[in-house]
Amino acid sequence: MIPVPFDYLRPSTVDEAVAALGEADEGKILAGGQSLLPVLKLRLAAPTLLVDLAAVPGLSGIRLDGDTLTGTTLVIGAMTTHAEVAASDLVRQHAPLLAAAAGTVGDRQVRHRGTLGGSLAHADPAADLPAVAAALDATYVVRGPAGSRTIGAADFAVDLFTTALGPDDVLVEVRLPSTAGWAVHYEKFHRTAQAWAIVGVAVAVRRDGGGIGAARVALTNMGPVPHRARAVEDALAGAAAAPDAVAEACSRVADGTSPADDLSGSAEYRRDLARVLTARAVCRALGV
Ligand code: FAD
């Protein structure tokens, strides 16, 4: 439970962090440390340098961006903690699904140390926020040795614990098109209140009269990366806002997933959970 020795740097700019990562034999960014420190203690990673982002100004915070042409975008700094995300009035208004899910992460201590950027960069298949970011069509703003670039939600998650971030990249902020007014629910099935999701379902639906106008659905822990259930979204769009119609539209949500078969549940159990939980999440979002 003692990490391999490493150097420690606390830069004051993102560019300084990128340069230090480039020069190190094996550099790692330290954000809230909630995932990285256990990994180091178990010696699953042995970086030679930790680059702590805590003193870099401008990496945390929540603001609105955009104009009448592009629409409103919610911008969240990578170092913003889960607790700040969950409590933010701006997030509750413009990305209510993210606010709801952030409030379910771990326990109070984890939520006050862990960051949105750290969770997305770590890309644990059981983590709640990557599926939410996928459902909300997040765009990731990254700074690396060649400057700044953006990565779309569909390209960010690559594999188990692997994203499109390079070894010298810093995730700077996450941009989310506003979903103000959408009805949302994050359904998390876990053994105990503070545990990780065995399966999680992120749902946002826009009502259209008595029915569903549009839907976003993404699954947590149903494969190595978040699963965006596009076929279910299509089936929900235009469906009646009624439990039977919702259950029918969600019946094939597990198609195309590859859940783990482990001590927490078999793959078939998880597929069944996904079906039940997705219909439940949509009904809870709609209040039916
Ligand atoms: P760190 O641990 O500091 O870093 C994680 C990884 O991301 C490292 O590889 C690091 O180099 C990289 N990284 C961090 N920031 C950046 C950046 N800006 N740019 C590029 N790379 C970066 N999560 C859930 O989703 N649901 C849960 O229920 C849950 N329960 C938990 C329970 C416990 C007891 C603990 C300890 C953690 C739990 N977590 C859970 C994980 C938690 O959400 C972490 O906060 C998150 O996974 C990592 O965020 P962090 O800021 O602590 O990142």
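Residues numbered from 1 in each chain as written. Predicted model: local features only at pLDDT ≥ 70, side-chain atom pairs only at ≥ 80, totals over all residues. Heavy atoms only, no water.

Colleague: Which residues make up the environment of Leu 165, and what values do they have?
Modeller: Among the structural elements, Leu 165 can be located in the loop between β9 (162–163) and β10 (170–177). Sequence-wise, Leu 165 and Gly 209 are 44 residues apart; in three dimensions their C-alpha atoms are separated by 42 Å. Those residues in contact with Leu 165 that lie beyond four places of it in its chain are Ala 121, Val 142, Phe 156 and Leu 171. (Helix = DSSP H or I, 4+ residues; strand = E, 2+ residues; numbered from the N terminus. Contact = heavy atoms within 4.5 Å.)

Colleague: Requested: an account of helix α1 (residues 14–23), with residues and values cited.
Modeller: Residues three or four positions apart in an α-helix share a direction because the helix packs 3.6 residues into each turn. When we look at burial in α1, the residues that qualify are Val 14, Ala 17, Val 18, Ala 20 and Leu 21. In an axial view of α1, the angular spread of the buried residues amounts to 165°, which keeps them on one side of the axis. Residues of α1 that are buried make contact with β1 (7–9), β2 (27–30), β3 (49–52), β6 (139–144) and β10. (Buried < 20%, exposed > 50% of the residue type's maximum accessible area, 1.4 Å probe, protein only. Arc of directions from axis to C-beta.)

Colleague: Tell me about the pairing of strand β5 (residues 71–77), and name the residues and values.
Modeller: Counting buried positions over the 7 residues of β5 gives 5, a clear majority of the element. Pairing geometry for β5 and β10, over 5 bridges, is antiparallel. Bridge pairing in β10 links Ile 76 to Val 174. (Pairing = 2+ DSSP bridges.)

Colleague: I'd love a proper account of the domain arrangement of the protein, names of residues and values included.
Modeller: If you check the domain split of the protein, you get domain 1 (7–52), domain 2 (62–177) and domain 3 (183–286). The distance between the C-alpha centroids of domain 2 and domain 3 comes to 20 Å. Listed per partner, the contact involves 23 residues of domain 2 and 21 residues of domain 3. Summing both partners gives a buried area of about 1,800 Å² for domain 2 against domain 3, and 63% of it is carried by carbon and sulfur. In this structure, the connection of domain 2 to domain 3 is made through 3 salt bridges. Remark: the boundary between domain 2 and domain 3 carries 7 residue pairs in polar contact (both at pLDDT 80 or more). (Domains from an automatic or database assignment. Buried area = accessible area lost by both parts, 1.4 Å probe. Salt bridge = Lys/Arg side-chain N within 4 Å of Asp/Glu carboxyl O. Polar contact = N/O pair within 3.5 Å; in protein donor to acceptor, adjacent residues only side chain to side chain.)

Colleague: An account of the site of the ligand is requested, with residue identities and associated values reported.
Modeller: Around the ligand, the surrounding shell holds 30 residues, and the nearest of these are Ile 29, Ser 35, Leu 36, Thr 115 and Asp 128. A distance of 3.1 Å separates an oxygen atom of the ligand from a polar side-chain atom of His 82. Relative to its free-state accessible area of 980 Å², the ligand is covered by the protein chains to the extent of 89%. With respect to the detected pockets, the ligand is housed in the largest pocket. Sorting the residues of the shell around the ligand by element identifies β2, α7 (116–122) and β10 as the ones contributing at least two each. (Near = heavy atom within 4 Å. Areas by Shrake-Rupley, 256 points an atom, 1.4 Å probe, with all protein chains shown as cover. 1 Å grid on protein atoms, 1.4 Å probe; cavity = no way out; pocket = protein on both sides within 12 Å on 5 of 7 lines; lining within 4 Å. Sits in = over half its atoms within 2 Å of the grid points.)

Colleague: How would you sum up the pairing of β3? Please name residues and give values.
Modeller: Alternating positions in β3 separate into two faces, Leu 49 and Val 51 on one and Leu 50 and Asp 52 on the other, with burial throughout. Bridging between β2 and β3 involves 4 bridges; their strand directions are parallel. Paired with Lys 28 across the bridge in β3 is Leu 50. Running through helix α2 (residues 36–41), the crossover from β2 to the neighbouring parallel element β3 is right-handed. (Right-handed = clockwise from strand over helix to strand, strands pointing away.)

Colleague: Provide a residue-level description of the layout of surface pockets, including the pertinent values.
Modeller: Of the voids in this model, the largest pocket is the one considered here, and its volume is about 1,200 Å³. Looking at the largest pocket, it is lined by 46 residues, and the ones nearest its centre are Lys 28, Ser 35, Gly 118, Ala 121 and His 122. Taken together, the elements giving at least two residues each to the lining of the largest pocket come down to β2, α2, α7, β9 and β10. Among the elements that make up the lining of the largest pocket, the one with the highest residue count is α7 (5 residues). Here the lining of the largest pocket is composed, by residue class, of 22 nonpolar, 17 polar and 7 charged. (Points joined across faces, edges and corners; volume = space filled by probe spheres on them. Nonpolar A, V, L, I, M, F, W, Y, C, P; charged D, E, K, R; others polar.)

Colleague: Tell me what's going on with the pattern of salt bridges, and back it up with residues and numbers.
Modeller: What the rule picks out here adds up to 18 salt bridges. The salt bridge involving Lys 188 is made with Asp 128; its shortest N-O contact spans 2.8 Å. With a gap of 60 residues between them, Lys 188 in strand β11 (residues 183–189) and Asp 128 in the loop between α7 and α8 (129–135) connect regions that are remote in the sequence. By relative accessible area, Lys 188 is classed as buried at 11%. Arg 284 is paired through a salt bridge with Glu 187; the nearest N and O atoms lie 3.2 Å apart. With Arg 284 in helix α12 (residues 267–286) and Glu 187 in strand β11, this residue pair connects regions lying 97 residues apart in the sequence. Here Glu 187 falls in the buried class, since its relative accessible area comes to 9%.

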